[in-house]
Every structure is written in C-alpha cells, then in structure tokens.
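# Commentary on secondary and tertiary structure
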Amino acid sequence: MNSNFTIAVHSLVYLAYLPGHMASSEAIALNVATNPVRIRKVMSALRYEGLVKTKEGVRGGYMLGEDPGKITLGHVYEAISRGALQPDRQTGDPKCECPVSSNTQSVMDLIFKEAEDSYASFLHQFTVASVLLQIKAD
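What counts, and at which threshold
Residues numbered from 1 in each chain as written. Predicted model: local features only at pLDDT ≥ 70, side-chain atom pairs only at ≥ 80, totals over all residues. Heavy atoms only, no water. Axes fitted to C-alpha atoms, helices over the stretch in contact; angles between N-to-C directions. Helix = DSSP H or I, 4+ residues; strand = E, 2+ residues; numbered from the N terminus. Parallel < 35°, antiparallel > 145°, perpendicular 65-115°, else oblique. Left-handed = near helix turned anticlockwise from the far one by under 90°. Contact = heavy atoms within 4.5 Å. Expected span 1.5 Å × (residues − 1). Buried < 20%, exposed > 50% of the residue type's maximum accessible area, 1.4 Å probe, protein only. Arc of directions from axis to C-beta. Pairing = 2+ DSSP bridges. Nonpolar A, V, L, I, M, F, W, Y, C, P; charged D, E, K, R; others polar.

Turning our eyes to something else, we now look at the packing of helix α1 (residues 4-17) against helix α4 (residues 73-80). At a closest axis distance of 9 Å, the pairing of α1 and α4 adopts a crossing angle of 130°. The angle between α1 and α4 falls in the class oblique. Between α1 and α4 lies a crossing of right-handed hand. In this structure, α1 contributes N4, F5, A8, V9 and L12 to the contact, and α4 contributes L73, V76, Y77 and I80.

Printed below as a string of structure tokens:
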C-alpha cells in the first residue's frame with residue numbers, strides 16, 4: 001500500500017480540526033508535509049466519494065463533505081486504496097495444463113479479497129472524529 005491512505009486520513013483530520021473553514025491544497029500540504037499536487041490528487045478521489053467539498057477561486061479550497069463522526073477510515077480506504085493489498089504481478093498461467101500454474105492466481109485472488117474485506121471492516125471501527133480526539137488527547 002502506498003502512503004495515499006495516510007495522506008487522505010491526515011488531510012481529513014486536519015479539515016475536521018478546522019470545522020467550517022476552507023483549507024487550500026497548499027495549507028493541507030504544509031500540514032501533511034507533502035506536495036500540493038499530491039494533495040489535490042488525493043482530495044480529488046475523496047471529493048468523488050463525497051468526503052470533501054471544494055470551492056474554486058482565491059478563497060477556495062477544501063472542507064469536509066460529511067460530519068467527521070460519520071466518515072470512517074474504512075470509507076477513506078475504499079476511496080483511496082481499495083485493491084492495494086493485491087500484488088501488481090500475476091502468477092502462473094491460466095492456460096497451462098498444470099493445476100498449480102493454472103489455479104494458484106485465482107485462489108490467491110480470493111485470499112486477497114477476503115483480507116481486503118477484513119481490513120476495510122476493521123478500519124470502519126474508526127472515524128475521522130475519533131482520530132482527532134486521540135490526537136487532542138496526546
């Protein structure tokens with residue numbers, strides 16, 4: 001998995017920390033310690049899922065599209081990183097007569113799907129608001 005999930009969570013928590021305020025990609029990038037272009041890419045995926053709202057222009061930027069208590073990390077994972085556990089490279093050859101070569105990938109696909117579903121389910125236990133509360137408690 002790449003760091004886009006963590007960047008997305010950090011960005012949403014930062015927006016929750018500034019309720020009702022717009023934050024530019026530059027401001028979010030400064031807080032996350034990354035490039036504004038990367039923030040815009042991540043925020044685009046979050047906007048598509050309704051997790052953030054955008055406003056263009058001089059006073060534009062991003063704000064939460066939902067109550068932070070309703071945005072789970074599972075929602076963020078599904079918006080940003082779904083499929084990230086599945087390796088990029090396929091193994092075997094489905095046309096091969098050997099049952100190991102022709103069937104290993106399909107079995108592994110099922111295993112990775114179950115792992116992904118389990119991981120997403122685990123992440124649904126946490127909300128952007130609960131992450132912010134933990135940060136404030138430290």
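That shown, we press on.
Turning our attention to helix α5 (residues 99-123). Between its first and last C-alpha atoms α5 spans 36 Å; for 25 residues at 1.5 Å apiece the expected length is 36 Å, and the two agree. Along α5, the residues classified as buried are S101, S102, Q105, E116, A120 and L123.

Turning to helix α2 (residues 25-32), a few remarks are in order. Residues of α2 that are buried include every one of S25, I28, A29 and V32, and no others. In an axial view of α2, the angular spread of the buried residues amounts to 100°, which keeps them on one side of the axis. Where α2 is buried, its residues touch α1, α3 (36-48) and β2 (61-64).

In the sheet, strand β1 (residues 52-55) pairs with β2 via four bridges, with the strands oriented antiparallel. Along β2, the bridge assignment pairs K55 with G61. Linkage of β1 to β2, two consecutive antiparallel strands, is achieved through a turn of five residues, within which G57 is found at a positive phi near 110°.

Our next topic: the packing of α1 against α3. Orientation of α1 relative to α3, taken along the N-to-C sense of each, is 80°, at an axis distance of 10 Å. It follows that α1 is roughly perpendicular to α3 by the angle criterion. Listed contacts from α3 to N4, I7, A8, S11, L12 and L15 of α1 are R38, I39, V42, M43 and L46. Of the residues in the contact of α1 with α3, the class split is eight nonpolar, two polar and one charged.

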